[in-house]
Each structure stands twice: as C-alpha cells, then as structure tokens.
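Commentary on secondary and tertiary structure
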Amino acid sequence: MTESTLTQQDLRTPVLRRSFRRPYPVAVRGEGVYVWDAEGNRYLDFSGSAAVNFIGHGVREISDAMAEQARQLEFVHTSQFTTPVAEEFAQELLDFAGEHFRGGAVYFTCGGSESVETALKLTRQYQVEIGQPGRHQMLSRNQSYHGATLGALAVSGNKRRREMYLPMVREFEHFGMPYCYRCAFDCTDGCRNCGQQYAAELERAIDAAKGQAAGFIFEPMSGATLGAVTPPPGYLQAIAEICRRRSVLLIADEVMTGMGRTGRNFAVEHWQIRPDILVTAKGLSSGYAPLGAVIASKKVVDAIAVGSEGGQGCPPHTGSGAFLHGFTYNAHPVSVAAGRAVLRRVQSLNLVHAADSNTEGTAGFALKNALETLRDLDCVGDVRGLGLLWAVEFVADKKTKAPFVPEKNIAGLVGQACLRRGLLVYPMQGCVDGVAGDHLLIAPPAVITAEQIGGAVEQLRAAVKEST
Ligand SMILES: Cc1ncc(COP(=O)(O)O)c(C=O)c1O
C-alpha cells in the first residue's frame, strides 16, 4: 500500500501514534542490526532506533536474564525493598563511570526524561541541603534536548519540541551552544579558540541568575537537535571550571552519548571533565527494557546522606537523610536485569572499543570513513560526529550553507526514501535556527560490520539523490 492510497481509516488505530498522516510498518522481529516487519521486509537499523540499540537486536542472553528475573521476583516497591540486581548493577555502573564516581550512588528510572527530572530535583535538594535554598535555577543551552516531560522540556532548547508547551514550563536562562559548522563567532582559525567565547556565555548566565543558579545541564555532544556536534577545543573544560568556581552543579546528560556510544564509556571522558551528576538511558538497556540512570558523585550523595563540615561559603550541615523523590517503577527489577545483562554483553564483546572512530579496524572507524564519502554530494554540507554517533547535514547551497526551506522537509523525505530501501535513519529539522536546517542522525548498533556499513551508505546516497 502506498501512502497516497491510504485512507484516514487506515491511519486511525487504537494506538495514539506519533503521526496520523503517515503509515508505520508493523515490526515483528529483530536480530543483530536488522528488524523485520509483518510483511517480511528487512530493515537495517542504521540509527539504533533513536540511538538506543548498541548491542544489536534479539540477543538471547538479555531476554533470558529478564525472564529469569521476572520468574524470581517481578517487582517490589523501592519504599519497601531493595533488590540484589539493583545493588549489584549500581556498583557495576559506578565502576563503569570511573574513579570520579567512587563512593557515589545510582538512581534507576524508566528512561531519559525521568532521569533528567530526577537529576534536576537532586540538584535542587543538594543546594537546599548544603544551606543554599536560594539556588533553584537550572541553566541550559539553546538547541539542546533533555526530554519530553515538562521539567526536562523547561531545560531543553529544541524549539519545535517545546514551543507549544512554553506557557506551561518554568523558564530559566538558556544560552548558545557551540555549532562550529555555523559558528556564532567570526573564527578564522578553524574554531580552535571560540570555545572560550562560548563558555563565557555560561558565566554571563550565572551572573544573570543573581545567585540562584543551582545546576547547569548539557549534552557533551549534541544529540538529535543539532546532530552529533562535537564541542570546540577547551570548551567543556572551561564550562566545568566555571561551574566548579561558581558552585553550580555540573550535570552531564549522556542519555544518547552514554554507555559506549562515542567510543568511551561516557562521552565526558573525551574531554576529561568530571560532572557532579551524570544522566544516562538509551544504550543502558539497549532498548530491551525501559531503563535510565542518574549517577551521582559522592559529594552530592553525601550532602543528603550525612551532611558536611561546610566550606566554600557554606555552613556545616547534617544531611536530611532522604531524597524526596520517587517513581513507582524506579529500579524495576526486570529492567535493571536487562541493563545488567546488556553491560556484560558490552564488556564481553568489547563494544566500547568497537565504537571508537579514532581506531582503525573498528565499526566506528568504518562508519566515519563511509559517511565522509557523502561529502561529494551537492546537498551534503557537513558530516560530523564521533564514535557511532554521526550526522549528515543537508544544505540547498554548499557555498553559502543556506538551508533548504523547512516546508520541503528534506530530512523527512530522505528518511522515507531510506525506509523504502530498508534502511532506518533518524531525520531531524531545525539545526540552523530551531526551524530551518535538515539533518539525519546515524547511530547503528556497535555490532555492525564494515560491509553492512558500506551497503547502508550506498543506500543512503541513493536515497539522498532521489529526494533532493
Ligand atoms: C540527550 C537526551 N536527553 C534526554 C532524552 C529523553 O530521553 P527519553 O526519550 O528516554 O525520555 C533524550 C532523548 O532523545 C536525549 O537525547
């Protein structure tokens, strides 16, 4: 059935879908990098759904671990019990997050948005506990995305996703995010030094908050909104230093970049920065179950658990002893079992290494090289990314970098052309100014082979040619 022959009846089903205007194939099975629909069509998952799947589809040991947990104990409420699987996996995650998180603690949720909400509330409670009740503002950047719930949307900068809900969200200071393909500064040195100018925007936002800044949340690499943009040299280090100096908690949102996707356990490791709180989801369970996590450093946990002797302008305090927050399903045993089995798989197959685009012979390296070949297409303005998180940005004019008119929805057209060819990608619009600008996000599972990457990029090239 083609789109044009579909009736309104076909598009209305009991499921409230993302769109009432387009049909969706019915997915029934997954294995490795492939998903099959009910009609037997096969799709190569070149975007890991939405940068979710990292270990491949249909891995039996994950569903076995989930089934075993469900057989033993499907659920208990965190106000009444903890579970072995949560305790063990929390420690494993702290170890995975590295030395800086030693002595910290993990709060498990059902996904990215819940984790961001949790991190924002944890930040606020931290400030109250240490005697800074005036600090309640959460700073963030334009063109960021931190989730769909109202708190997460308040700190997000994705114009299209938040515009309608603006009257319902609390607005705090947003400022510019580095995007060096269209740099906000007149760089003549290949953007080697603009990082400091971008970082100065944070300092100004903290000043504008007049002592009320509690935390700053950021994606180390832009996820979907700008499309895999990496920061200029020195930028994140400067940001981290400003937060430390101004006693503003540094919250790294690694929902998309975490758990190995960029070729490091967490993306912050590329720039050697140490967030106070790290948020992750997506790759944490690789999509096998709804799961997110907030990894809090010892400093943050201690402030609530025991208190501190004071310092840095804060009086000594005794911690209240309780985090005032909770979801019915936080630390759900079956989801946590899935996450634990996924991490074991990531480690046993050495998938973080496989994602490293700077090391020859890896999937990340093959992906980088294959995508770079698309630069010869007239409408491909930029190819950027790191690890197994890449974006291809389309432009109407390569010289001026002028975007296509948004109404053309070039990214969507390319996405649909890819789908018809059995290739899954993640199309987005708005990278230029929140409305104009088209790009595709590419984020395959780390088990993808060089041959599969080569075939996928050929399909992508054909889809781009067909659509532009
Ligand atoms: C960086 C980032 N933070 C938060 C979220 C929200 O996560 P979720 O969709 O699991 O609620 C996303 C989702 O794409 C994301 O990319």
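The coordinates are above.
Attention in this report is confined to the structure presented alongside it.

We now examine empty space enclosed by the protein. Tallied over the entire structure, the rule returns one cavity of 30 Å³ or more. Roughly 50 Å³ of internal volume is contained in the largest cavity. In terms of lining, the largest cavity is formed by Arg-141, Met-177, Pro-178, Glu-219, Pro-220, Met-221, Ser-222, Val-229, Thr-230, Pro-231 and Tyr-235. Considered class by class, the residues forming the lining of the largest cavity number seven nonpolar, two polar and two charged.

Taken together, the side chains of Leu-150, Met-164, Tyr-165 and Met-168 make up a nonpolar region of the molecular surface, amounting to roughly 430 Å² of accessible area. Examined against the element boundaries, Leu-150 turns out to sit in helix H6 (residues 150-155).

Another aspect to go through is the sheet that holds strand E2 (residues 34-37). Across the sheet, which stays open at both edges, the four strands sit in the order E1-E2-E3-E15 with mixed pairing between neighbours. Sheet topology places strand E1 (27-31) and strand E15 (423-424) at the edges, where each strand pairs with a single neighbour. As defined by bridge partners, strand E3 (residues 42-45) adjoins E15 across two bridges and the pair is classed as parallel. The partner of Leu-44 across the bridge, within E15, is Leu-423.

Here the focus is the packing of aromatic side chains. Taken as a whole and assessed by the stated rule, the structure comprises nine aromatic pairs. Considering the side-chain rings of Phe-75 and Tyr-329, the 5.5 Å spacing of their centres and the 80 degrees angle between planes classify their relative orientation as edge-to-face. Note that Phe-75 is positioned in the loop between helix H3 (60-72) and helix H4 (84-97) and Tyr-329 in the loop between strand E12 (317-318) and helix H11 (333-348), a separation of 254 residues in sequence. Since its relative accessible area comes to 24%, Phe-75 is described here as partly exposed. What makes Tyr-329 partly exposed here is its relative accessible area of 47%. Ring geometry for Tyr-107 versus Phe-323: centroids 5.6 Å apart, planes at 80 degrees, classification edge-to-face. Of the two residues, Tyr-107 sits in strand E4 (residues 105-109) while Phe-323 sits in the loop between E12 and H11, which places them 216 residues apart along the sequence. Tyr-107 sits in the buried class, given a relative accessible area of 16%.

In this model, Ser-49 sits at a positive phi of 65 degrees, which is unusual for a non-glycine residue. When you line up the elements, Ser-49 lands in helix H2 (residues 48-51).

With that settled, the discussion passes to the side chain of Arg-162. Secondary-structure assignment places Arg-162 in helix H7 (residues 159-162). Overall, the relative accessible area of 9% leaves Arg-162 in the buried class. At 3.0 Å, the side chain of Arg-162 and the backbone oxygen of Ala-154 are in polar contact. Contact partners of Arg-162, with chain neighbours within four places excluded, come to Leu-153, Ala-154, Ser-156, Gly-157, Val-169, Glu-171 and His-174.

Right, let's get into the sheet that holds strand E6 (residues 174-175). Hydrogen bonding along the main chain pairs the strands of a sheet, whether they run parallel or antiparallel. An order of E4-E10-E9-E8-E7-E5-E6 is seen for the seven strands of this open sheet, with the pairing classed as mixed. Each having just a single partner strand, E4 and E6 make up the two edges of the open sheet. Direction of pairing for strand E8 (residues 249-254) relative to strand E9 (residues 277-280): parallel, over a ladder of four bridges. Bridge pairing links Glu-254 to Thr-280 in E9.

Another point: the packing of helix H13 (residues 363-372) against helix H15 (residues 450-467). The contact between H13 and H15 brings their axes to 9 Å, and the two run at 25 degrees. When the interaxial angle is binned, H13 and H15 end up roughly parallel. Regarding H13 and H15, the two cross each other, and that crossing is right-handed. Counting all contacts with H13, which are made through Ala-363, Ala-366, Leu-367, Ala-370 and Leu-371, the residues of H15 involved are Ala-450, Ile-453, Val-457 and Leu-460. Of the residues assigned to the contact of H13 with H15, the class counts are nine nonpolar, no polar and no charged.

So, how was this worked out
- Every chain begins its residue count from 1, and numbering advances along the sequence as written.
- The predicted origin of the model limits local features to residues at a pLDDT of at least 70 and limits the giving and counting of side-chain atom pairs to 80 or more, whereas totals for whole chains, interfaces and linings rest on all residues.
- Hydrogens and water molecules were not included; the side-chain quantities draw on all heavy atoms of the structure.
- Cavities and pockets are found on a 1 Å grid laid over the protein atoms alone: a cavity is a set of points where a 1.4 Å probe fits but cannot escape, a pocket is an open set with protein on both sides within 12 Å along at least five of seven lines, and a lining residue has an atom within 4 Å of such a point.
- Grid points are joined across faces, edges and corners, and a volume is the space filled by probe spheres set on the points.
- Gly is placed with the polar residues, together with every amino acid not listed as nonpolar (Ala, Val, Leu, Ile, Met, Phe, Trp, Tyr, Cys and Pro) or charged (Asp, Glu, Lys and Arg).
- The patch calculation keeps residues exceeding 30% relative accessible area without a salt bridge and links them within 9 Å when they carry like charges or within 5 Å when they are nonpolar (Val, Leu, Ile, Met, Phe, Trp, Tyr).
- Note on areas: Shrake-Rupley, 1.4 Å probe, and residue coverage restricted to the protein chains presented here.
- Salt bridges are defined as contacts in which a side-chain nitrogen from Lys or Arg sits within 4 Å of a carboxyl oxygen from Asp or Glu.
- In DSSP terms, a helix is any run of H or I states spanning at least four residues, a strand is any run of E spanning at least two, and both are numbered starting from the N terminus.
- When DSSP locates at least two bridges between a pair of strands, those strands are taken to pair.
- Geometry of aromatic contacts follows a simple scheme: Phe, Tyr and Trp rings, the Trp one being its six-membered ring, pair when their centres are within 6.5 Å, and the pair is stacked under 30 degrees between planes, edge-to-face over 60, tilted otherwise.
- The cut-offs for exposure are 20% and 50% of the maximum accessible area for each residue type, with area from a 1.4 Å probe on protein chains only; residues under the lower value are buried, those over the upper are exposed, and the others partly exposed.
- Side-chain atoms alone can form a polar contact between residues adjacent in sequence; in general such a contact is a pair of N or O atoms within 3.5 Å, and within protein one must be able to donate a hydrogen while the other accepts it.
- Contacts are assigned to residue pairs with any non-hydrogen atoms lying within 4.5 Å of each other.
- Inter-axis angles, ranging from 0 to 180 degrees, are taken between N-to-C directions of lines fitted to C-alpha atoms, where helices are fitted over the stretch in contact.
- In what follows, roughly perpendicular refers to angles from 65 to 115 degrees, roughly parallel to angles under 35, roughly antiparallel to angles over 145, and oblique to any angle outside these ranges.
- Crossings are sorted by hand: turned counterclockwise from the far helix by less than a right angle, the near helix makes the crossing left-handed, and turned clockwise it makes it right-handed.

Remember, this is a structural readout, not a statement about activity or role.
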